[in-house]
Amino acid sequence: MANGGNEYAQDFIKIFEPYPSIDAAREVDKGIVDNIITHLKNSEQYNEETLTFYRCRYILPNNMCSIYEERPKLCIYCPSSGWVVVPPGCGFEAWLFLKREEDMQKVRHAKEELLDLKIMKTKTKDEKLLKKIDSVEKTIQKTIEMFAPHGSAEW
Ligand code: SF4
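Residues numbered from 1 in each chain as written. Predicted model: local features only at pLDDT ≥ 70, side-chain atom pairs only at ≥ 80, totals over all residues.

A. The overall build of the protein, seen in detail. A count of helices and strands for the protein gives five helices and two strands. Taken from the N to the C terminus, the helices and strands of the protein come in the order α-β-α-β-α-α-α. For 155 residues, the compact-globule formula gives about 15 Å, and the C-alpha radius of gyration of the protein, at 21 Å, lies well above that figure. In terms of overall dimensions, the protein has C-alpha extents of about 70 × 30 × 30 Å along its principal axes. When burial is assessed residue by residue, the protein has 3% of its 155 residues classed as buried. Considering only contacts within the protein whose residues lie at least 6 apart along the sequence, 63% involve residues at least 24 apart. (Helix = DSSP H or I, 4+ residues; strand = E, 2+ residues; numbered from the N terminus. Rg over C-alpha atoms; globule rule 2.2 N^0.38 Å. Buried ≥ 20, exposed ≤ 12 C-beta atoms within 10 Å, placed from the backbone. Contact = placed C-beta atoms within 7 Å.)

Printed below as a string of structure tokens:
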């Protein structure tokens with residue numbers, strides 16, 4: 001996975017170049033830029049000063065890919081997450097909906113497991129077992145926190 005990550009990072013640098021400003025990106029598609037900013041504003045890490053929009057070097061004026069047959073893996077496997085923001089009417093909308101539902105189910109299941117563990121803790125005084133439960137709880141918490149920017153606390 002780490003190798004894939006490095007490869008994707010290299011692909012990203014190869015394919016994309018930054019817009020000179022957010023307004024320059026808005027000139028191309030105001031709707032999607034504002035949509036992305038609205039989503040990002042839910043995140044504590046949001047900072048408009050450091051926010052950069054990128055454009056693909058290989059897209060043609062008719063929105064076709066000029067290197068489609070040789071496009072890199074990043075393009076082949078995108079979107080990789082159900083939480084990416086796509087333009088309204090994008091063909092991936094249904095897929096994103098399903099992926100988000102899957103993630104929400106995963107988090108709900110994790111919360112149920114946490115409750116089970118909490119109950120289990122009240123029924124034992126075995127230090128070893130309590131330690132093990134703590135460790136499992138931490139792992140489960142991480143799963144929930146991973147989706148925190150998307151609202152997992154409310155799911
Ligand atoms: S598929 Fe082609 S046009 Fe789309 S991002 Fe990749 S290289 Fe650019």
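On we go from here.
B. Layout of the site of the ligand. Every residue close to the ligand is listed here: Ile 15, Cys 56, Tyr 58, Ile 59, Cys 65, Ile 67, Arg 71 and Cys 75. Tallied by class, residues from the shell around the ligand come to seven nonpolar, no polar and one charged. (Near = placed C-beta within 6 Å. Nonpolar A, V, L, I, M, F, W, Y, C, P; charged D, E, K, R; others polar.)

C. Region of interest: the environment of Phe 147. Tracing the backbone shows Phe 147 in the segment after helix 5 (127-146). Note on Phe 147: 18 C-beta atoms within 10 Å, which makes it partly exposed. Residues Phe 147 and Val 107, spaced 40 residues apart in sequence, show a C-alpha to C-alpha distance of 8.1 Å. Apart from residues no more than four positions distant in its own chain, Phe 147 is found in contact with Asp 103, Val 107 and Ser 152.

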